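Listed below are the residues making up each chain.
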Amino acid sequence: MTQKQQTIAAEVAFFGRGLHTGKLANITIKPAPENHGVVFQRIDLPGKPIVRAHINNVADTSRSTNLREDGVDVKTVEHLLSVCSGMGIDNVVIEIDNEEVPILDGSGKEYVEKIQKVGIQSQQANREYYTVEEVVMFEKPDQGIELILMPSQHQKFTVIIDYGTDALASQCVTLKDLSQYVPDVYDSRTFVFLHELQFLVKNNLIKGGDLNNAIVFVDKKPKQEELDQLAQFFGVGDVQVTKNGTLDNVKLRYLNEPARHKLLDLIGDLFLLGKPIKGDIIAKKPGHFANTEFAKLIAEVMIPKK
């Protein structure tokens, strides 16, 4: 069945702090014409330069997916692009007045809810998909990372994670079709292990972080003074470890929320291919580096299909 391209019916605005830079940013997502694609526009810079959401513009994936085009950066784009993919949005302009997309609650929830209020607008042009005729694989065996795309006429995603700790055991999630992105994936928040959080705090690498936008898994029992230091850093009264092995800053929305968030990230990173993929994807321990390298391999063998 042929599907039409889509944009949003009216502009929507967001405001928040970037997770890594700590910089405040305003974002306005605006409708765009057919065959336009998704582009960011740095309205704070002279000439208001454009940064296209494209795999060739990936500049860094160390802690998030960051884009750069002609020396202009837009950082931490994965959650917003995931929402575009999951909601079937092909064409928009995303105006931003700083270098990093706000983290909001650590998921795509706020983006989805505001876009739902204004609605999605169908356009006249047909949507194009990419298909493959052979298996595409990216793997790093020493890290247990494996991503596979198998030919199919459908879109199906399976994500498996296992970090080898009691705090975060093996988890799996399957999305049979992107039409189920809402409600199954969109509100799953990012997560971090306590030792990683402590490192980031000590090295001032999450300048915009707080304890409302991430699940913190405790892989090693901390001393009370360490918890007190975290509470002081984030400006909260008290932080404790729950019986589920997480900090009590947030409650899980799903028992497998970490696997669902890795799926959310994967969908956002693969959106950088520029067109949706038809195929079955299985991803073991995906991350931004693996996702984007996988996307580059897919790009080499893709066949456009109406």
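Up top is the structure these notes are about.
Residues numbered from 1 in each chain as written. Predicted model: local features only at pLDDT ≥ 70, side-chain atom pairs only at ≥ 80, totals over all residues. Heavy atoms only, no water.

K.L.:
Before we go on, may I ask you to explain the sheet that holds strand S8 (residues 72–74) in this structure?
P.N.:
Strand pairing in a sheet takes place through backbone hydrogen bonds and is either antiparallel or parallel in direction. Spatially, the 3 strands line up as an open sheet ordered S6-S7-S8, and their pairing is antiparallel. The two strands at the open ends of the sheet, each matched to only one other strand, are strand S6 (58–60) and S8. The sheet shows a mean angle of 40° between the axes of neighbouring strands, direction not considered. Taken together, the 2 bridges between S6 and strand S7 (residues 66–69) define a ladder with antiparallel strand orientation. (Pairing = 2+ DSSP bridges. Helix = DSSP H or I, 4+ residues; strand = E, 2+ residues; numbered from the N terminus. Axes fitted to C-alpha atoms, helices over the stretch in contact; angles between N-to-C directions.)

K.L.:
Mind showing me how you'd approach the environment of Ile215 here?
P.N.:
By the secondary structure assignment, Ile215 is in strand S17 (residues 215–217). Assessed through its relative accessible area of 1%, Ile215 is described here as buried. (Buried < 20%, exposed > 50% of the residue type's maximum accessible area, 1.4 Å probe, protein only.)

K.L.:
Explain a nonpolar patch on the surface to me, please; I cannot follow it from the model alone.
P.N.:
Nonpolar side chains collect at one region of the surface, where Val135, Met137 and Met150 lie side by side and expose about 240 Å² of accessible area between them. Inspection of the secondary structure assignment puts Met137 in strand S12 (residues 136–140). Judged by relative accessible area, which is 37%, Met137 ranks as partly exposed. (Patch = residues over 30% accessible without salt bridge, like charges linked within 9 Å, V, L, I, M, F, W, Y side chains within 5 Å. Areas by Shrake-Rupley, 256 points an atom, 1.4 Å probe, with all protein chains shown as cover. Salt bridge = Lys/Arg side-chain N within 4 Å of Asp/Glu carboxyl O.)

K.L.:
I'm lost on the sheet that holds strand S5 (residues 50–52) in this one. Help?
P.N.:
Read from one edge to the other, the open sheet built from 5 strands follows the order S2-S3-S9-S4-S5, with strand pairing classed as mixed. Strands at the two margins of the open sheet, each flanked by one partner only, are strand S2 (12–17) and S5. Between one strand axis and the next, the sheet turns by 25° as a mean value, whatever way the strands run. Of the strand pairs in this sheet, S2 and strand S3 (residues 24–31) are connected by 6 bridges, and their pairing is antiparallel. Among the inter-strand pairings, Gly16 is bridged to a residue of S3, identified as Ala25. Its contacts with the sheet place helix H1 (residues 78–86) against S3, strand S4 (38–42) and strand S9 (92–96), and it is angled at close to 145° to S4. This element, helix H2 (residues 109–118), spans S2 and S3 of the sheet and lies at about 165° to S2. (Contact = heavy atoms within 4.5 Å.)

K.L.:
What is the right way to look at the environment of Tyr163 in this model?
P.N.:
By the secondary structure assignment, Tyr163 is in the loop between strand S14 (155–161) and strand S15 (171–175). The residues touching Tyr163, leaving out its near neighbours within four places in the chain, are Leu168, Phe191, Phe193, Lys262 and Lys285.

K.L.:
Just to check I follow, could you spell out the pattern of salt bridges for this structure?
P.N.:
Once the charged atoms of two side chains with opposite charge are near each other, the side chains can pair. Under the criterion given, the structure shown has 14 salt bridges. In this structure, the salt-bridge partner of Asp44 is Arg42, at a minimum N-O distance of 2.8 Å. For Asp44, a relative accessible area of 33% gives the class partly exposed. The partner of Glu113 in a salt bridge is Lys109, and the shortest N-O contact between them spans 2.7 Å. Residue Glu113 and its partner Lys109 are both found in helix H2; the two are separated by 4 residues, about one turn of the helix. The exposure class assigned to Glu113 is partly exposed, which follows from its relative accessible area of 31%.

K.L.:
Would you mind showing me how to read helix H4 (residues 194–202) here?
P.N.:
Given 3.6 residues per turn, any residue in an α-helix points the same way as the ones three and four places further on. When H4 is considered as a whole, its buried residues turn out to be Leu194, Leu197, Gln198, Leu200 and Val201. Seen from one end, H4 has its buried residues packed into an arc of 165°, which puts them on one side. Of the surrounding secondary structure, the elements contacted by the buried residues of H4 are strand S16 (191–193), S17 and helix H5 (224–234). Among the residues trailing H4, Asn204 stands out with phi positive, at a value near 55°. (Arc of directions from axis to C-beta.)

K.L.:
Just checking my understanding: could you explain unusual backbone geometry for this structure?
P.N.:
Keep in mind that most residues, glycine aside, have a negative phi and that most peptide bonds are trans. Put simply, Val182 and Pro183 share a cis peptide bond, and its omega is 20°. With phi around 50°, Leu104 is a residue other than glycine that occupies positive phi space. Even without being a glycine, Lys285 presents a positive backbone phi close to 55°. Mapping Lys285 onto the fold places it in the loop between strand S18 (277–284) and helix H7 (288–301).

Keep in mind that these numbers describe shape and distance, not what the molecule does.
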